[in-house]
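What follows is the residue order along each chain.
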Amino acid sequence: MKPFRQLVLNEYFEPAAGRAIRVTLAFVLPLIWGLWTGNLGPAVWISLTAQLLSNIIIPGSYPLKMLILSGAALACAVCAVLGTLAGHHPWIATLLMMVLAFLGGFVRQTGNFGPGITVAVLLLYLLSLDHPGNWKTAIQLSTWVCMGGMVCIVFTALAWAFVPFSPFRRSVALVWKALADWLHAFYLQQSQQSTSIANPLTALDEQELSFRQAMNDSMEWLSRKQALARARLYRQVYQLVELRRIASQIANGLSALRTTIEQYHHLQAFPGESLGYLLDNLSRTAERLALSIVSHRRENVYFTRLALERSRHSANVWIEQLKANSGESAQRAIEAIQPVLDDVFHQFEEALRILDSWISSRTDFTIFLRQFITSASIPQTIPWVRFPLSFRSFIFRYALRLSLSMGIGVALYLSFHIPHGYWLAMTTMIVLQPEFGATFQKASQRVQGTIAGVIVGSVLFWLHLPIGINLGIVALCSFLMAYFIQRRYAIAACFITIMVIALFHLLEPVTWQLGLIRLLATLAGSALALLGGYAFWPFWEKYRFPSLIQQAIVANAAYLQQIADALAGHHKTFQQFLPYRRKAEISNQNAFLSLRRMQDEPEVHQVFIQNYFILLGHQIRITRILNTLAQYLRHNADTISSSLQRAEPQIHQVMHTLHELLMQSILQLPLTSAHVNRTDQPTMQLDTLQHLHITGIEKPDEVNQQLQLIHELIHLLIREVQGTYQTARALSDTTHTDLGISLRTFYDKPSGR
């Protein structure tokens, strides 16, 4: 029952089964019409177009979805005409394929829907090459394609009534879901008695970055400023922004809690088991709250309140066990932890008050109408395709790579008259990804799934099944393909192969040879994609990461300067910290994704990857420490500033030195080390910091216990900045002449992605 319950919960956040049902209906109903009326040929074209367009993931409002689908259907119809007319002329067909693939390379990098549109348009061009003819044939085929587009749009409009979720509301729910996953990772780390100090990056760090990514994705839908402008018309939209803000505040408290716990986790009687219960209950509370946002069910709000009460009880037990430890360190830990926990529970209560105001006074029909209306009320902009025509551009290189690879595939198919040879170019199109690591992974999954599908499909249709069972197999495989295509591509590829064999069997009896042709075309197309990804202007992450980690260090340095000004007595509101914090977190996330891509690349291109992970780990921890300082300044700015007056000159000097050391670290990276003359000044600053003692807050009185935490946080910050500089220095001392030349080639001028 637990896996089924989790499946249902996941469907609320990512409705994969609902989308699979819509794709299957759009695909199967035209086939039934074709079998019923004897127009199976046109029905296949209508079904394929409807399925391809329905598979496009468009995370926007329903009006925007229908607008994008209309444009995609028109592009499919035009490409069907071009393919039909060029089918008799191999070289014209090849040139057209290269032009369309080149344009598709830019479209593919435009939002989440780009890959789906590219696959649909180019695949219909490839299929129409196998049905050459005159203008009459081309117009007829394009009419069928347009009808398939209309079927897709109709089912999308019908889905609006059944699932009227605002995409922005779902994005806020996903923010809370990411927060729940972060808390669960914290619980798992605590239960395993491990800390993040020993490793450059842990699973907990990755979940923290995932939460920041979910926040950024939601911010792209609607900013707080936009919501305030529409608060009177769409109060629920403004409340959703408030729920997102609350999740961000809880995340700040969680970050501060983690930093504080890491300082006191070494205590002999530290109640780690009670802390684990607290984190587990908080994780369940956040997950229930996310479910309440996306489902609007009263029982979920009730269960959220129960989970919060259990969390509060766990927190009280944990604090009492800490108090039982009579040591001075335990008392300092309580003084540091108690305000953070109080703020976290206050934020959860505020979120529940917002949910209560939504649900308690409204009927289900009122909620439905509000969901239906607000799903179209979020301001949306049409995502235009960018064309950065520069060889330094990542997108431009990928477009060239896709164009050349698919051109070769079509030339082979038409020149040697390969049966169903369009499968070769189609496989190349699907497998070839912007990064080589992703291309290799996709090729492996595609081949595995095709082999399994060929075996199963050949056995099934060797039995000569009745047409009704055959159609049922097509429908089942369509559903499973749509369900798994974003989750387990190898499984999806298996069902795609069975579905294709079954579809051919509806038209005419098939033999084992069809499966063999499919397998050989898949192997050849995957090999061509791997060749293109490796040999045709690849863009390895070792060239991109130094620039990204530089941005992360610069962002942390700017954030550190703001915190330093606040500690020095300058009035800084928490809202003034937010742009700097967000910039640092986004930069860390971009660098982390780059390293993840580098891990999938050939080992020869994983230059300095271990040092890069260590360097990024320092940046993530610097950002976390600065977030913790900002959190304490938010609640105790006046007390801290007045109590630090005696130590203000030293703190100013220390923070200024840390800022300078971060900026000096940038000069040691491979990106810039060839352009600067190193000095011994950073080393002298490093020696000074190693023996740093700040007077005035070493032994604070009982009233100002939190000043001791500020002192300890500054020392943690010193350690991480030292680690940043030393790691960057180690990189600069490594021989990398060839790398430096390559980096100068790519980064002397700015480029588009």
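Just so we're clear, the structure is a prediction, and the values are computed from it rather than from any experiment.

A.B. asks: Is there a simple way to think about the overall build of the protein in this case?
C.D. replies: Each helix and strand in the protein was counted, giving 28 helices and zero strands. Taking all 753 residues of the protein together, 57% fall into the buried category. Long-range contacts, defined here as pairs at least 24 residues apart, represent 83% of the contacts in the protein between residues at least 6 apart.

A.B. asks: So what exactly am I meant to see when it comes to the packing of helix α3 (residues 40–54) against helix α6 (residues 114–129) here?
C.D. replies: To characterise two packed helices, one gives the angle between the axes of the helices and the distance between these axes. At a closest axis distance of 10 Å, the pairing of α3 and α6 adopts a crossing angle of 160°. Judged on the interaxial angle alone, α6 and α3 are roughly antiparallel. With respect to the hand of their crossing, α3 and α6 are arranged in right-handed fashion. In contact with Trp-45, Leu-48, Thr-49, Leu-52 and Leu-53 of α3, α6 contributes Ala-120, Leu-123, Leu-124, Leu-127 and Ser-128.

A.B. asks: What should I look at first to understand the pattern of salt bridges in this one?
C.D. replies: For the structure on display, the rule yields 20 salt bridges. Where Arg-245 meets Glu-350, a salt bridge forms, and the shortest distance between an N and an O atom there is 3.0 Å. Within this pair, whereas Arg-245 is found in helix α11 (residues 235–264), its partner Glu-350 is found in helix α14 (residues 328–359), the two being separated by 105 residues in sequence. Among the residues examined, Arg-245 registers a relative accessible area of 21% and is labelled partly exposed.

A.B. asks: I would appreciate a short explanation of α6 in the present structure.
C.D. replies: An α-helix turns once per 3.6 residues; consequently, residues spaced three or four apart project the same way. Over its 16 residues, α6 extends 23 Å from the first C-alpha to the last, a length consistent with the 22 Å expected when each residue adds 1.5 Å. With 14 of 16 residues buried, α6 is to be regarded as a mostly interior element.

A.B. asks: Which parts of the structure should I look at to understand a nonpolar patch on the surface?
C.D. replies: On the surface, Val-99, Leu-103, Val-385, Phe-387 and Leu-389 cluster together into a nonpolar patch covering about 440 Å² of accessible area. With respect to the secondary-structure elements, Phe-387 resides in the loop between α15 (364–374) and α16 (394–415).

A.B. asks: Mind showing me how you'd approach the environment of Glu-660 here?
C.D. replies: Assignment of secondary structure puts Glu-660 in helix α25 (residues 648–668). The class for Glu-660 is partly exposed, based on a relative accessible area of 28%. Along the chain, Glu-660 and Ala-557 lie 103 residues apart, while their C-alpha atoms are 8.2 Å from each other.

A.B. asks: Just checking my understanding: could you explain the packing of aromatic side chains for this structure?
C.D. replies: Counting across every chain of the model gives 20 aromatic pairs. Their ring planes at 90° and their centres at 5.9 Å tell us that Phe-102 and Phe-396 sit as a pair that is edge-to-face. Pair noted here: Phe-102 is in helix α5 (residues 90–108) and Phe-396 is in helix α16, with a separation of 294 residues, a long-range link. Look at Phe-396 and you get buried, because its relative accessible area is 14%. Centroid distance Tyr-422 to Trp-423: 5.8 Å. Interplanar angle 70°. Geometry classified as edge-to-face. We note that Tyr-422, like Trp-423, is buried. Following the ring pairs from residue to residue traces out a cluster consisting of Phe-102, Phe-106, Phe-387, Phe-391, Phe-396, Phe-536 and Trp-537. In this structure, Arg-518 is placed above the aromatic ring of Trp-423, and the distance from its NZ or CZ to the ring centre is 5.0 Å. For the cation-ring pair, Arg-544 lies above Phe-394, with the distance from its terminal atom to the ring centre recorded as 4.3 Å.

A.B. asks: Help me out: how do you make sense of unusual backbone geometry in this one?
C.D. replies: The phi angle of most residues is negative, glycine excepted, and most peptide bonds adopt the trans form. For His-417, which is not glycine, the phi dihedral falls at a positive 50°. The topology assignment puts His-417 in the loop between α16 and α17 (422–431). For Trp-537, which is not glycine, the phi dihedral falls at a positive 50°. Counting through the fold element by element, Trp-537 comes out in the loop between α21 (512–535) and α22 (541–567). Classification of Trp-537 as partly exposed rests on a relative accessible area of 32%.

A.B. asks: Could you clarify how one ought to interpret helix α12 (residues 272–295) in this entry?
C.D. replies: Look at α12: 35 Å from first C-alpha to last across 24 residues, which is about the 34 Å you get at 1.5 Å a residue. The element α12 is extensively covered by neighbouring structure, given that 19 of its 24 residues are classed as buried. His-296 occupies a position one or two residues after α12 and carries a positive phi of about 60°.

A.B. asks: Explain the nonpolar core here, please?
C.D. replies: Note that soluble globular proteins tend to have their nonpolar side chains buried in a common cluster. Counting 116 residues, the largest nonpolar core has Trp-176, Leu-179, Leu-243, Trp-318 and Ile-563 as its most contacted members. For this core, the element with the most residues is α14, which contributes 14 residues. The residues contacting Ile-563, other than those within four sequence positions of it, are Phe-577, Leu-626, Leu-629, Ala-630, Leu-633 and Met-655. Judged by nonpolar contacts, the second largest core, of 82 residues, contains Met-406, Tyr-413, Met-426 and Val-474.

A.B. asks: How should I be thinking about the environment of Gln-551 in this particular structure?
C.D. replies: In this fold, Gln-551 is placed in helix α22. Taking the C-alpha atoms as reference points, Gln-551 and Asn-588, 37 residues apart in sequence, are found 8.5 Å from one another.

A.B. asks: Explain the state of the cysteines here, please?
C.D. replies: Note on terminology: a disulfide is the covalent bond linking the sulfur atoms of two cysteines. As enumerated under the stated definition, the model contains zero disulfides in all. No disulfide involves Cys-76; its sulfur sits 6.9 Å from that of Cys-79, the nearest cysteine.

A.B. asks: Before we go on, may I ask you to explain the packing of α3 against helix α20 (residues 489–507) in this structure?
C.D. replies: It is the contact of α3 with α20, at a shortest axis distance of 11 Å, that shows an interaxial angle of 160°. The pairing of α3 with α20 is recorded here as roughly antiparallel in orientation. You can see that α3 and α20 cross each other, and the crossing is right-handed. Taking contact as the criterion, the partners of Leu-40, Val-44, Leu-48 and Gln-51 in α3 are, on α20, Met-499, Leu-503, Leu-506 and Leu-507. Its residues placed into classes, the contact of α3 with α20 shows seven nonpolar, one polar and no charged.

A.B. asks: When you look at the environment of Gly-457 in this model, what are you seeing that I'm missing?
C.D. replies: By the secondary structure assignment, Gly-457 is in helix α18 (residues 436–462). For Gly-457, a relative accessible area of 0% corresponds to the buried category. Note: C-alpha distance between Gly-457 and Trp-512 (55 residues apart in sequence) is 8.9 Å. Residues within four places of Gly-457 in sequence aside, it is in contact with Ile-498 and Ile-501.

A.B. asks: How should the confidence of the model for the protein be read in this particular structure?
C.D. replies: Where the model shows low pLDDT, its predicted coordinates should not be examined in detail. Of the residues in the protein, 80% have a pLDDT of 70 or more, and the chain-wide mean is 82. A low-confidence stretch, residues 672–681 stays under pLDDT 50, and its non-local contacts, those more than four residues away or across chains, total 15 contacts. Across residues 735–753 the pLDDT falls below 50, and counting only partners more than four positions away or on other chains, this stretch makes 43 contacts in the model.

Definitions and limits used
- Residues numbered from 1 in each chain as written.
- Predicted model: local features only at pLDDT ≥ 70, side-chain atom pairs only at ≥ 80, totals over all residues.
- Heavy atoms only, no water.
- Helix = DSSP H or I, 4+ residues; strand = E, 2+ residues; numbered from the N terminus.
- Buried < 20%, exposed > 50% of the residue type's maximum accessible area, 1.4 Å probe, protein only.
- Contact = heavy atoms within 4.5 Å.
- Axes fitted to C-alpha atoms, helices over the stretch in contact; angles between N-to-C directions.
- Parallel < 35°, antiparallel > 145°, perpendicular 65-115°, else oblique.
- Left-handed = near helix turned anticlockwise from the far one by under 90°.
- Salt bridge = Lys/Arg side-chain N within 4 Å of Asp/Glu carboxyl O.
- Expected span 1.5 Å × (residues − 1).
- Patch = residues over 30% accessible without salt bridge, like charges linked within 9 Å, V, L, I, M, F, W, Y side chains within 5 Å.
- Areas by Shrake-Rupley, 256 points an atom, 1.4 Å probe, with all protein chains shown as cover.
- Phe/Tyr/Trp six-rings, centres within 6.5 Å; stacked < 30°, edge-to-face > 60°.
- Lys NZ or Arg CZ within 6 Å of the ring centre and 35° of its normal.
- Core = buried A, V, L, I, M, F, W, Y, C linked by side-chain atoms within 4.5 Å.
- Disulfide = S-S within 2.5 Å.
- Nonpolar A, V, L, I, M, F, W, Y, C, P; charged D, E, K, R; others polar.
- pLDDT = per-residue confidence, 0-100.

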